[in-house]
Amino acid sequence: MENVAVLGAGSWGTALAIVLADNGHDVRLWGRREEQVLEINHEHTNERYLPGVELPATIKATAELEECIKGADTIVLVTPTKAMRDVLGQLKNVLTSPVTIVHASKGIEPGTYKRISEIIEEELPESILEAVVVLSGPSHAEEVSLRQPTTVTVSSENNNAAEKIQDLFINQNFRVYTNPDVIGVELGGALKNIIALGAGLSDGLGYGDNAKAALITRGLAEIARLGTHMGANPLTFSGLTGIGDLIVTCTSVHSRNWRAGNMLGKGMALDDVLENMGMVVEGVRTTQAAYELSKREQVEMPITQVLYDVLFNNKGAKQAVDDLMQRTRTHEVEDVSSLKS
Ligand SMILES: NC(=O)C1=CN([C@@H]2O[C@H](COP(=O)(O)OP(=O)(O)OC[C@H]3O[C@@H](n4cnc5c(N)ncnc54)[C@H](OP(=O)(O)O)[C@@H]3O)[C@@H](O)[C@H]2O)C=CC1
Ligand SMILES: O=C(CO)COP(=O)(O)O
């Protein structure tokens, strides 16, 4: 049994706390609102984020970060990407001994274009950072909290740490693989949210399965194009954290990104959509970051580009799809025109 601190008592942090508690670990969950902490400790529920789910009574919530991480061997970071630097700054002030940090969030930081593991390494001194491990894959909190079969991948530059975290989380409902390609695992998880916004938007416009299959397939092509350019292993994009997560996020009613895109497609304004969601929609900021990064790196990302225009330049949803359909004709497979037959 290990002492594990989970920072972020939203849907995903709470679902991961359930997996860890089911595995017999001593789990402390950090939430920033006292009434939520009391609800988790006394009612064993987190109704705002996982309605109807009964939490194991062994999960102890606290609003005190220092109390949460005291004696923890592993800290699991599950706050939205936007909050990462703030949370890491607070963590740095209370950490006294080296720990392994697992992060399960999915995003890229606008402006710096950093992946979350890079932000962690920037914010925490080497002396207290034993290892950084990424946990990602097709895994909606709503299903994990009901113990429905789920597969994820953990990735780290430190293979022993990845295997330790695989052991920590794996159980009969939650199967954990390892993959050493940190760049590919993080970029696949972050960039699929852009395409899920697009899939929701297409569904919201009333388009069918053909359009969605096209978005998933061509979406994967542009994720892999940017990802390999940034140093990822192309094979990672055909795995759980690539196509796997892309499928689940583009097709599930649980997806916040798909739901947000769906509302946009039906004509709702972005601000109203985000207010309506009440949960993080990572794809919005990630679209901004990926759009800017793709321009800097001169990597073609047509779906990201039109989504950026819909989100930030008032382009209409239907016009966005029309623009994609009317692009200059091209080959499906990269560099196919230069292949000799
Ligand atoms: N939900 C899912 O199924 C999955 C989510 N993820 C990823 O996990 C991450 C978290 O998502 P999810 O749990 O869904 O998000 P939610 O919107 O459900 O919850 C966000 C949580 O973060 C807390 N939070 C927000 N800002 C801060 C801050 N500045 N300091 C401390 N805590 C803060 C919120 O607290 P409060 O309630 O007080 O606002 C809340 O507990 C995202 O990157 C997402 O992409 C990955 C896989 C699956
Ligand atoms: O990453 C996820 C599932 O793997 C969750 O996606 P959403 O944030 O769109 O709900």
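Rules behind the numbers
Residues numbered from 1 in each chain as written. Chains lettered and ligands numbered in written order. Predicted model: local features only at pLDDT ≥ 70, side-chain atom pairs only at ≥ 80, totals over all residues. Heavy atoms only, no water. Near = heavy atom within 4 Å. Polar contact = N/O pair within 3.5 Å; in protein donor to acceptor, adjacent residues only side chain to side chain. Helix = DSSP H or I, 4+ residues; strand = E, 2+ residues; numbered from the N terminus. Nonpolar A, V, L, I, M, F, W, Y, C, P; charged D, E, K, R; others polar. Core = buried A, V, L, I, M, F, W, Y, C linked by side-chain atoms within 4.5 Å. Buried < 20%, exposed > 50% of the residue type's maximum accessible area, 1.4 Å probe, protein only. Contact = heavy atoms within 4.5 Å. Phe/Tyr/Trp six-rings, centres within 6.5 Å; stacked < 30°, edge-to-face > 60°. Lys NZ or Arg CZ within 6 Å of the ring centre and 35° of its normal.

Caption draft 1: Just the site of ligand 1, in detail. Close contacts around ligand 1 come from 25 residues, with Ser 11, Arg 33, Tyr 49, Ala 141 and Glu 282 the closest. A distance of 2.6 Å is found between an oxygen atom of ligand 1 and a side-chain nitrogen or oxygen belonging to Glu 282. Elements with a minimum of two residues in the shell around ligand 1: α1 (11-22) and α4 (84-94). When its residues are assigned to classes, the shell around ligand 1 shows 12 nonpolar, 6 polar and 7 charged.

Caption draft 2: Fine view of the nonpolar core. Ranked by internal contacts, the top residues of the largest apolar core, which has 43 residues, are Ile 108, Leu 191, Leu 197, Leu 246, Cys 250 and Leu 311. For this core, the elements supplying multiple residues, two or more each, are α8 (182-204), α9 (209-229), α10 (240-251), α11 (256-265), α12 (270-277), α13 (282-297), α14 (302-312) and α15 (317-325). For this core, the leading source of residues is α8, giving 9 residues. Beyond its immediate sequence surroundings of up to four residues, Leu 311 is in contact with Leu 197, Leu 264, Leu 270, Val 284 and Thr 287.

Caption draft 3: Representation of the packing of aromatic side chains in the model. Under the counting rule described, the total for this entry stands at 3 aromatic pairs. When the centroid spacing of 6.3 Å and the interplanar angle of 40° are considered together, the rings of Phe 169 and Phe 174 count as tilted. On the accessibility criterion, Phe 169 (0% relative accessible area) is buried. Put simply, the rings of Tyr 291, Tyr 308 and Phe 312 pair up and form one aromatic cluster. Stacked on the ring of Tyr 177, the Lys or Arg Arg 175 has its end atom at 5.0 Å from the ring centre.

Caption draft 4: Molecular detail of α10. Of all the residues in α10, the buried ones are Thr 241, Gly 242, Gly 244, Asp 245, Leu 246, Thr 249 and Cys 250. The elements touched by buried residues of α10 are β6 (129-136), β7 (150-155), α8, α9 and α11.

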